[in-house]
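Architecture and fold: a report
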Amino acid sequence: MINLEHVSFRYPHSAPIVRDVGLSVNKGQVVAVMGPSGCGKTTLLRIVAGLLQPYEGRVQLFGQVIPYEQATKLRELRTKMGMLFQFGALFTDMSVFDNVAFPLRETTQLNERQINECVMQKLTAVGLADAAQKMPAEISGGMARRVALARAIAQNPQIMLFDEPFTGLDPIAMDTIASLIREQTDALNAASIVVSHDVQETFSISDYIYVMHQSGIVAHGTPSELTHHTDPFIRRFIHGREDTLVHGGHV
Amino acid sequence: MSWVLNKLADLGKTVIEKLLHLGYAMRMFWAMLLQFKVWFTRTRLVTRQIHFLGNYSLVIMVVSAAFIGAVLALQAYYALSKVGSEAATGVMVTLSLIRELSPVVVAILFAGRAGTSMTAEIGLMKSGEQLAAMEMMGVDPIEREYAPRFWAGGLVVPMLTMIFSLVGVYGGYLVAVRWLGVDAGVFWNMIHENVNVGHDIFRGSFVKSVVFGLAVSFIAVYEGAQARPTPEGVAKATTRTVVKSSLLVLALDFVLTALMFSPQN
């Protein structure tokens with residue numbers, strides 16, 4: 001479903017932010033891209049979303065190369081994708097219901113009764129059916145993230161992208177979001193990419209993990225493979241252990 | 001020698017960047033012109049923008065028009081009375097307003113009142129990733145957010161210009177007739193005799209105000225879309241909207257006046 005080959009990206013006149021990255025995600029898989037802040041995770045996700053164009057390499061979605069230069073085709077492709085932004089990106093002048101209904105009203109021919117049914121189904125799936133008429137300013141950060149998730153899955157996407165879904169959430173909300181990501185990926189048989197630096201929650205829902213550091217991928221494997229990884233950086237990132245601190249290049 | 005080469009390289013870089021921005025702006029302008037269909041396909045959004053941009057700008061326009069009309073009448077009366085032509089106060093106020101002041105002042109006030117809010121709104125949508133979210137849902141922000149504002153601005157500015165002219169003339173009437181004693185019949189009759197609907201109102205006021213409205217709305221939307229997604233970036237973008245819009249309106253005013261009213265035409 002998602003396939004990246006030797007992808008590199010940089011802004012004009014600056015150093016590469018993503019360097020020679022390759023990864024693939026199949027149907028029904030949750031793949032995580034992890035790494036410390038500033039390593040290029042979010043940029044990589046934006047490349048997969050077609051929001052940024054790599055200067056090198058190839059990105060394929062559904063077996064076709066992303067048509068960056070053809071806006072209409074790109075938009076068509078995106079109707080089969082859902083993305084959860086770091087802070088939800090809810091439309092502040094619309095109610096929770098209207099936020100979730102937005103992609104359906106804009107991109108489908110469904111009538112209001114069908115939209116109503118679909119929106120309430122998605123809101124129920126994220127446990128927020130009661131908040132349908134509230135405005136984004138009236139709900140908590142965790143609830144906003146769940147509304148954004150409901151909106152991201154409103155079109156039953158086959159590819160789902162999650163940008164730091166756990167940032168700024170309390171442990172209970174984090175757990176809820178993590179479960180929802182796994183459940184929705186399974187329910188829709190979608191291919192999901194989760195970008196995060198939250199080890200515990202991400203490991204609990206991922207099938208495969210890529211670890212990024214300094215713009216490139218430095219390790220990849222299943223959660224259990226990475227847990228037993230011997231590389232000092234990986235061990236430190238995953239376990240946060242003092243004994244793996246790097247001093248002057250020596251562990 | 002290397003110092004000179006470095007300076008040349010910097011200059012080249014700046015020129016290329018400016019040209020890229022200009023090219024991007026022209027593409028966006030063209031894309032918004034092509035979205036004329038929003039009048040029919042996004043009627044509710046355009047109407048909402050007309051209400052937002054027009055109604056909320058009305059008070060500042062009416063108050064400014066009344067004072068500008070009154071001041072114009074005072075100055076015109078002062079100058080014309082020296083040559084015994086104070087009866088022409090009304091027509092001087094009216095022609096000054098219709099052909100020059102109304103379109104220009106309305107466009108500049110519109111840039112300050114409505115243009116800044118357009119820029120801030122779009123800039124904040126960008127910094128809140130709402131525009132990116134829209135793209136990800138397969139919705140074109142140009143059609144959904146930019147074009148309704150752009151075309152609404154193109155309608156609202158001419159409407160406000162008409163209101164501005166009417167209120168300005170009435171402000172001039174109050175000063176000239178009620179205060180300075182110009183005969184009311186002469187005041188209105190000279191306006192009636194000397195103001196040409198096609199020449200003065202359509203070309204002088206309407207054409208200019210449509211062009212100014214579209215220009216200001218475009219700059220406001222463009223600056224919002226180009227704003228850096230930070231509070232400081234949005235603040236700078238709103239400032240740029242006012243500065244660029246004001247300068248562009250004055251430049252366009254000269255060009256349009258030269259094209260429409262030069263003696264050769």
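Residues numbered from 1 in each chain as written. Chains lettered and ligands numbered in written order. Predicted model: local features only at pLDDT ≥ 70, side-chain atom pairs only at ≥ 80, totals over all residues. Heavy atoms only, no water.

Glancing now at the overall build of chain A. Counting its regular elements, chain A contains nine helices and ten strands. Viewed in the frame of its principal axes, chain A has a C-alpha envelope of about 65 × 40 × 30 Å. Of the contacts made within chain A by residues no fewer than 6 positions apart, 64% connect residues no fewer than 24 positions apart. Total accessible area on chain A stands at roughly 11,300 Å², and carbon and sulfur atoms take up 49% of it. (Helix = DSSP H or I, 4+ residues; strand = E, 2+ residues; numbered from the N terminus. Contact = heavy atoms within 4.5 Å. Areas by Shrake-Rupley, 256 points an atom, 1.4 Å probe, with all protein chains shown as cover.)

Quick look at the overall build of chain B now. When its secondary structure is counted, chain B shows ten helices and zero strands. N-terminal to C-terminal, the α/β element order of chain B is α-α-α-α-α-α-α-α-α-α. When the backbone C-alpha atoms are referred to their principal axes, chain B occupies close to 65 × 55 × 35 Å. The buried share among the 265 residues of chain B stands at 46%. Of the roughly 13,300 Å² that chain B leaves accessible, carbon and sulfur atoms contribute 70%. (Buried < 20%, exposed > 50% of the residue type's maximum accessible area, 1.4 Å probe, protein only.)

Judged by nonpolar contacts, the single largest core of 100 residues is most densely connected at Ile2(A), Leu161(A), Ile193(A), Phe110(B) and Tyr146(B). Ranked by the residues each element gives to this core, the list is headed by helix H7 (residues 141-179) of chain B, at 15 residues. Excluding residues within four positions of it along the chain, Ile2(A) makes contact with Leu23(A), Ser24(A), Val25(A), Val48(A), Gln60(A), Leu61(A), Ile159(A), Ala191(A) and Ile193(A). Residues Phe97(A), Val100(A), Ile139(A) and Val147(A) belong to the second largest nonpolar core, which totals 37 residues. (Core = buried A, V, L, I, M, F, W, Y, C linked by side-chain atoms within 4.5 Å.)

Another point: the pairing of strand S1 (residues 2-9) of chain A. Residue and element names in this part refer to chain A. Looking at chain direction, S1 and strand S2 (residues 18-25) are connected through five bridges and run antiparallel. Across the sheet, residue Phe 9 finds its bridge partner in S2, namely Val 18. Both S1 and strand S4 (residues 56-61) contribute to a ladder of five bridges, which runs antiparallel. In the sheet register, Asn 3 faces S4, and the bridge partner there is Gln 60. (Pairing = 2+ DSSP bridges.)

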